[in-house]
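In case you want the letters, here they are:
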Amino acid sequence: APKVGSDCIVAHVRAASVGGVAEANCHPFQFKDRLLMHNGGLEHFARIKRDLCNRLSEEMYGWVKGQTDSEHLFALMLNHLEEKHPTPDQVADAFEEMIADLKQLMRDHAITEPAFLNMVYTDGRIVVGLRSVTDRSAALTMYYSEGKKYVCTDNVCHMVRSADKREHAAMIVSEKLTDIAEDFMEVPAHHFVLVDADLSVRLRAVKG
């Protein structure tokens, strides 16, 4: 790892939900230069799978290779994301349309259990995190951190801060990596955390 360099790194550990043990069902899911990771799940996915697929374009329907609810929701979200190089707000707009589609499908098929929708999207330039749930249940946790760089010294890891913006880092995580209070800020429920190409970070409420 010390010899690997990248402008954008993703890592995901997940318990199985829907689908067999196969690479096609593993996160992150990749469509061209776009990746998605999902922490959460949709109960009774089998009830809405056919109708969800009917909403997909030929391209997105043909792209889905696995069985998971996560990959199908990614395809549904990408159905609304036509821009080649989208801004973080355009990605957030597509997520909101995906959520609206999903809620309608759940109503149509009498699914009352909440869908937990903590998701992170990136195309290597930008990152968009979504912390949401389809009802008033408590959303799963999500935090973000930004500063000069995240370092580990003497078995203690923390975010180093600097006023110099020429060296900057941003992180989105499901759980805090340390107990240092100023290192990790909570993303409010039903909000996006948007990281632009210049690594500026801001929050946006989910509409609807």
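The following refers to the structure shown. (Residues numbered from 1 in each chain as written. Predicted model: local features only at pLDDT ≥ 70, side-chain atom pairs only at ≥ 80, totals over all residues. Heavy atoms only, no water.)

Looking at the overall build of the chain
Next, step 1: A tally of helices and strands in the chain yields 4 helices and 11 strands.
Next, step 2: Against the 2.2 N^0.38 benchmark of 17 Å for 208 residues, the chain shows a C-alpha radius of gyration of 17 Å, consistent with a compact globule.
Next, step 3: Taking the principal axes of its C-alpha atoms as reference, the chain extends roughly 50 × 35 × 35 Å.
Next, step 4: Here the chain, with 208 residues, has 41% of them falling under the buried criterion.
Next, step 5: Look at the contacts in the chain between residues 6 or more apart in sequence, and 59% of them connect residues 24 or more apart. (Helix = DSSP H or I, 4+ residues; strand = E, 2+ residues; numbered from the N terminus. Rg over C-alpha atoms; globule rule 2.2 N^0.38 Å. Buried < 20%, exposed > 50% of the residue type's maximum accessible area, 1.4 Å probe, protein only. Contact = heavy atoms within 4.5 Å.)

Some remarks on the sheet that holds strand β5 (residues 143-147)
Next, step 1: Read across the sheet, 3 strands follow the order β8-β5-β9 without closing on themselves; strand pairing throughout is antiparallel. Single-partner strands in this sheet number two, and they are β8 (169-173) and β9 (185-186).
Next, step 2: Alignment of β5 against β8, held across 5 bridges, turns out to be antiparallel. Its bridge partner lying in β8, G147 is registered against A169. (Pairing = 2+ DSSP bridges.)

Thoughts on the pattern of salt bridges
Next, step 1: Overall, the coordinates contain 10 salt bridges when judged by the stated rule.
Next, step 2: Measuring nitrogen to oxygen at the nearest pair gives 3.2 Å for the salt bridge that ties D101 to R55. Placement of D101 in helix α4 (residues 88-108) and of R55 in the loop between α1 (45-54) and α2 (58-63) is noted, with a sequence separation of 46 residues between them.
Next, step 3: For D101, a relative accessible area of 15% translates into the label buried. (Salt bridge = Lys/Arg side-chain N within 4 Å of Asp/Glu carboxyl O.)

Structural notes on the environment of D198
Next, step 1: Mapped onto the elements, D198 comes out in the loop between β10 (191-195) and β11 (201-205).
Next, step 2: On the basis of relative accessibility, which here comes to 58%, the residue D198 falls in the exposed class.
Next, step 3: Remark: the alpha-carbon pair of D198 and Q67, spanning 131 residues in sequence, is separated by 35 Å.
Next, step 4: There is a polar contact of 2.7 Å between the side chain of D198 and the side chain of S200. (Polar contact = N/O pair within 3.5 Å; in protein donor to acceptor, adjacent residues only side chain to side chain.)

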